[in-house]
Amino acid sequence: MMKLAKRMNGLAVFGAILFMVIQVIGDLYLPTLTADIIDNGVATGDVDYIISVGIKMLGFSLLSVAAATANVYLASRQSQLLGKNVRSSIFKKVSYFSNDAIDELGTSSLITRTTNDVVQVQMVAMMALRMMIMAPIMLTGAGVMAYNREPKLASIFLYVLPILAIFMVAIMYFAVPYFKKMQSKTDRLNLVFREGLTGIRVIRAFNRNDSEIKRFDAANKDFADTSIKANTIMSFMMPVMTLIISATNISIIWFGGHYIGDGLMEVGNLITFMTYAMQILMSFMMLSMIFIFIPRAQVSAARINEVLETESSVKDPEKPVKVQMADKGTLEFDHVDFRYTGAEQLALEDIDFKGNKGEMVAVIGGTGSGKSTLANLIARFYDIESGSIRINNVDIRDMNQKDLRSLIGYAPQKAVLFTGTIRSNMQYGKPDATDEEIWHALEVAQAKDFVSELPDGLDSNVEQGGGNFSGGQKQRLSIARALVSKADILVFDDSFSALDFKTDAALRNALVPETKDSVVMVIAQRISTVMNADTILVMDGGRIVGKGTHEELKETNATYQEIMNSQMREEEI
Ligand SMILES: Nc1ncnc2c1ncn2[C@@H]1O[C@H](COP(=O)(O)OP(=O)(O)OP(=O)(O)O)[C@@H](O)[C@H]1O
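The rules behind the values
Residues numbered from 1 in each chain as written. Predicted model: local features only at pLDDT ≥ 70, side-chain atom pairs only at ≥ 80, totals over all residues. Heavy atoms only, no water. Helix = DSSP H or I, 4+ residues; strand = E, 2+ residues; numbered from the N terminus. Rg over C-alpha atoms; globule rule 2.2 N^0.38 Å. Buried < 20%, exposed > 50% of the residue type's maximum accessible area, 1.4 Å probe, protein only. Contact = heavy atoms within 4.5 Å. Areas by Shrake-Rupley, 256 points an atom, 1.4 Å probe, with all protein chains shown as cover. Lys, Arg positive; Asp, Glu negative; His and termini not counted. Charge placed at Lys NZ, Arg CZ, Asp CG, Glu CD. UniProt positions renumbered as here; feature names shortened; annotations may be inferred. Near = heavy atom within 4 Å. Polar contact = N/O pair within 3.5 Å; in protein donor to acceptor, adjacent residues only side chain to side chain. Nonpolar A, V, L, I, M, F, W, Y, C, P; charged D, E, K, R; others polar. Axes fitted to C-alpha atoms, helices over the stretch in contact; angles between N-to-C directions. Parallel < 35°, antiparallel > 145°, perpendicular 65-115°, else oblique. Left-handed = near helix turned anticlockwise from the far one by under 90°. Salt bridge = Lys/Arg side-chain N within 4 Å of Asp/Glu carboxyl O. Expected span 1.5 Å × (residues − 1). Phe/Tyr/Trp six-rings, centres within 6.5 Å; stacked < 30°, edge-to-face > 60°. Lys NZ or Arg CZ within 6 Å of the ring centre and 35° of its normal. Patch = residues over 30% accessible without salt bridge, like charges linked within 9 Å, V, L, I, M, F, W, Y side chains within 5 Å. Domains from an automatic or database assignment.

### Quick word on the overall build of the protein chain
Here comes step 1: Each helix and strand counted, the protein chain has 22 helices and 12 strands in total.
Here comes step 2: Against the globule reference of 25 Å for 573 residues, the protein chain gives a C-alpha radius of gyration of 35 Å, more extended than a compact globule.
Here comes step 3: Counting only C-alpha atoms, the protein chain reaches 120 × 50 × 45 Å along its principal axes.
Here comes step 4: For the protein chain, the residues scored as buried account for 47% of the 573 residues in total.
Here comes step 5: In the protein chain, the proportion of contacts linking residues at least 24 apart, taken out of those at least 6 apart, comes to 78%.
Here comes step 6: Accessible surface for the protein chain amounts to roughly 28,700 Å². Of this, 59% is attributable to carbon and sulfur atoms.
Here comes step 7: Between the mean site of the 56 positive side-chain charges and the mean site of the 64 negative ones, the protein chain shows a separation of 4 Å.

In structure tokens:
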């Protein structure tokens, strides 16, 4: 919590505390003036005295209200700014995470941490600036003032405060564990909700609505049960507090009344004492509330710090090398081994190949053979275990990730589009791309026809996740986006899979003149997509089991022949 609290503006925090102290002084002084006005003004009928002390009281009240307003303003502003600051730090941090760090923390949990956890911290920051410092000062100040006024009556607190303390400790003991659990339950709730929303079509297609609803209800019930338990315990607080406050007031009036009757005390003092008693009990309650909320916020702060302190395993080098791919350009895998974090087996083993500028390297293989993993390594989404990946003879680990990725145009297996327009999506990798460049890329990607038929053309809306386009259209837009960037290395990860044979063929033909200045890697499942490649890598179980041209592999490679036989009719081959 303290680590995060350091992000607040020191001067504003000091201001909030200063105003709070002024408010407390005002609040503590007012009851004394009340006693004064009653005992020396009302009791003696001295109107002048009443007016002068009344004005004084008004002045102190105004000062107290102004100070409280300033304190609340600064406290809420600082806590909101803290929330904003932490949220952007998390987002910034996560956007530079290596993929395994994201895999480890989980997307749903990252969302909960950025939203719900930050709110918990924000709330406690607000409470801290408002109450955490005010409560002890008020408690001590009101205690001293009450004792100075009437030491005889002050002994009541020797009985009341321990009872209150025992009650509060009991509440904390039972409620805090439930409050702590609530964050992980929120994670689970968000995970199930997110899966239910993103997978809604599959859920409907498989008629799994009922079981998904049950799964959500279970997570929802779990969260609600924990929350109800915590709040049930908390619900004892108000009635018991009211009881204790009433009992204290009755005792004060009982004993105070006797003292007044015996001429040992004045009426004004009794009223003042009761006000201080209220302040003492309220401060005590505030303090206890803070102690109940702090543990939950502490859990949230730890979860936030875990994200902020996670170091991406993929790091930029101290002395980065810049690579220019002007005349010549190569992409080379040199005996690369790679393993996912925590996995026992290598996902890729001894991957060795080279692609030159103007050449197409195709990768084919069964599902799970490691094709996408290989593509992900080029952009250094993960670091390899041994061997080396080189661009123009420079190891990609010796380059800045930003520089490296600016060399790469990437169309992922699952086409990802962003909310906005077609133009904004096309300019994602090249913000200054002109309409002419965009239309050209769309033409090559076989997307020109359907985009030009849209009433708003390039200004047509793209809904969340590209939901208003078909799978094949999304793929073509994603390919066009990669082409707009005119990158030196183009990676198409199974991006032709949703295209029909005719479009696939037209796209590949159109790609040839476009990509003569790039190293192109095409990952595919279909023989027809890869057969014209300069080098075809046949993958199986994370290894390259065949390397060569279509003509070579169809004669010599059993795995390639197997794939070929399963896909093509004799005459096509
Ligand atoms: N993030 C990950 N963490 C752990 N293992 C993974 C991860 N991603 C993939 N794998 C594993 O690595 C292996 C290769 O997966 P990869 O996605 O590269 O296969 P692929 O050839 O692209 O398959 P497909 O054609 O079905 O997309 C698989 O066994 C898979 O289970």
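The rest of the description comes next.
### Quick word on the UniProt feature "transmembrane region" (unreviewed entry) in the protein chain
Here comes step 1: Mapped onto this structure's residue numbering, the UniProt feature "transmembrane region" (unreviewed entry) falls at residues 50-74, 128-147, 153-176, 236-256 and 276-294.
Here comes step 2: Within residues 236-256, the helical portion is 95% and the strand portion 0%, while the C-alpha atoms at the span's ends are 29 Å from each other.
Here comes step 3: As a span, residues 276-294 carries 100% helix and 0% strand, and end to end its C-alpha atoms are 27 Å apart.

### Some details on the site of the ligand
Here comes step 1: Around the ligand sit 13 residues in total, of which Gly 368, Lys 371, Ser 372, Thr 373 and Gln 413 are the nearest.
Here comes step 2: Within the backbone of Gly 368, an N or O atom sits 2.8 Å from an oxygen atom of the ligand.
Here comes step 3: Here Ser 369 contributes a backbone N or O atom positioned 3.1 Å from an oxygen atom of the ligand.
Here comes step 4: Protein chains bury 60% of the 640 Å² of accessible surface belonging to the ligand in isolation.
Here comes step 5: Ranked by residue count, the leading element in the shell around the ligand is helix α13 (residues 371-378), at three residues.
Here comes step 6: Taken together, the residues of the shell around the ligand sort by class into two nonpolar, nine polar and two charged.

### Quick notes on the packing of helix α6 (residues 134-149) against helix α12 (residues 267-309)
A packed helix pair is summarised by two numbers, namely the angle formed by the two axes and the spacing between the axes.
Here comes step 1: Remark: α6 packs on α12, axes separated minimally by 8 Å, with the N-to-C direction vectors making an angle of 155°. It follows from the interaxial angle that α6 and α12 lie roughly antiparallel. In this structure, α6 crosses over α12, and the sense of that crossing is left-handed. Residues Met 134, Ala 135, Pro 136, Met 138, Leu 139, Ala 142, Gly 143, Met 145, Ala 146 and Arg 149 of α6 pack against Asn 269, Thr 272, Phe 273, Tyr 276, Gln 279, Ile 280, Ser 283, Phe 284, Met 286 and Leu 287 of α12.
Here comes step 2: When the residues that make up the contact of α6 with α12 are grouped by side-chain class, the tally is 14 nonpolar, five polar and one charged.

### Notes on the UniProt feature "domain: ABC transmembrane type-1" (unreviewed entry) in the protein chain
Here comes step 1: Under the present numbering, the feature "domain: ABC transmembrane type-1" (unreviewed entry) in UniProt falls on residues 14-296.
Here comes step 2: The span residues 14-296 shows a helical share of 93% and a strand share of 0%, and its end C-alpha atoms are spaced 25 Å apart.

### So, the pattern of salt bridges
Here comes step 1: Applying the stated criterion across every chain yields a total of 23 salt bridges.
Here comes step 2: Across the pair Glu 195 and Arg 215 runs a salt bridge, and its minimum N-O distance is 2.5 Å. With a gap of 20 residues between them, Glu 195 in helix α8 (residues 156-198) and Arg 215 in helix α10 (residues 209-235) connect regions that are remote in the sequence.
Here comes step 3: On the accessibility criterion, Arg 215 (27% relative accessible area) is partly exposed.
Here comes step 4: By sharing partners, the salt bridges in this structure join Asp 117, Asp 187 and Arg 303 into a single network.

### Things to note about α10
Here comes step 1: When the terminal C-alpha atoms of α10 are compared, their 36 Å separation across 27 residues agrees well with the 39 Å that a helix rising 1.5 Å per residue should span.
Here comes step 2: Considered for burial, the residues of α10 that qualify are Glu 212, Ala 219, Thr 226, Ser 227, Ala 230, Ile 233 and Met 234.
Here comes step 3: Here the buried face of α10 lies against α8, α9 (200-205), α11 (237-261) and α12.

### Considerations on the environment of Ser 235
Here comes step 1: Inspection of the secondary structure puts Ser 235 in helix α10.
Here comes step 2: A relative accessible area of 43% means that Ser 235 is categorised as partly exposed.
Here comes step 3: Spatially, the C-alpha atoms of Ser 235 and Ile 171 are 9.7 Å apart, while their sequence positions differ by 64 residues.

### So, the packing of aromatic side chains
Here comes step 1: Overall, the coordinates contain 13 aromatic pairs when judged by the stated rule.
Here comes step 2: Between Phe 333 and Phe 353, the ring centres sit 4.8 Å apart and the planes meet at 15°, which makes this aromatic pair stacked. Taken together, the residues span a long stretch of sequence, with Phe 333 in strand β1 (residues 330-338) and Phe 353 in strand β2 (residues 348-356) at a distance of 20 residues.
Here comes step 3: For the ring pair Phe 492 and Phe 496, a centre distance of 5.6 Å and an interplane angle of 35° mean the geometry is tilted.
Here comes step 4: The class of Phe 492 is buried, set by a relative accessible area of 1%.
Here comes step 5: An aromatic cluster is present here, built from Phe 338, Tyr 340 and Tyr 382 joined pairwise through their rings.
Here comes step 6: Taking NZ or CZ as reference, Lys 152 lies 5.4 Å from the ring centre of Tyr 259, over its face.

### A word on a negative patch on the surface
Here comes step 1: Taken together, Glu 443, Asp 449, Glu 453 and Glu 514 make up a surface patch of like negative charges.
Here comes step 2: Of note, Glu 443 is situated in helix α16 (residues 435-444).
Here comes step 3: Overall, Glu 443 belongs to the partly exposed group, its relative accessible area being 42%.

### Notes on the domain arrangement of the protein chain
One widely used convention gives an interface's size as the accessible area the parts lose upon coming together.
Here comes step 1: Each domain of the protein chain was delimited in the assignment, giving domain 1 (7-309) and domain 2 (330-572).
Here comes step 2: Computed over C-alpha atoms, the centres of domain 1 and domain 2 are 55 Å apart.

### Observations regarding the side chain of Lys 185
Here comes step 1: Structurally, the position occupied by Lys 185 is in helix α8.
Here comes step 2: Judged by relative accessible area, which is 19%, Lys 185 ranks as buried.
Here comes step 3: For Lys 185, the residues in contact, after removing those within four places along its chain, are Asp 222, Phe 223 and Thr 226.

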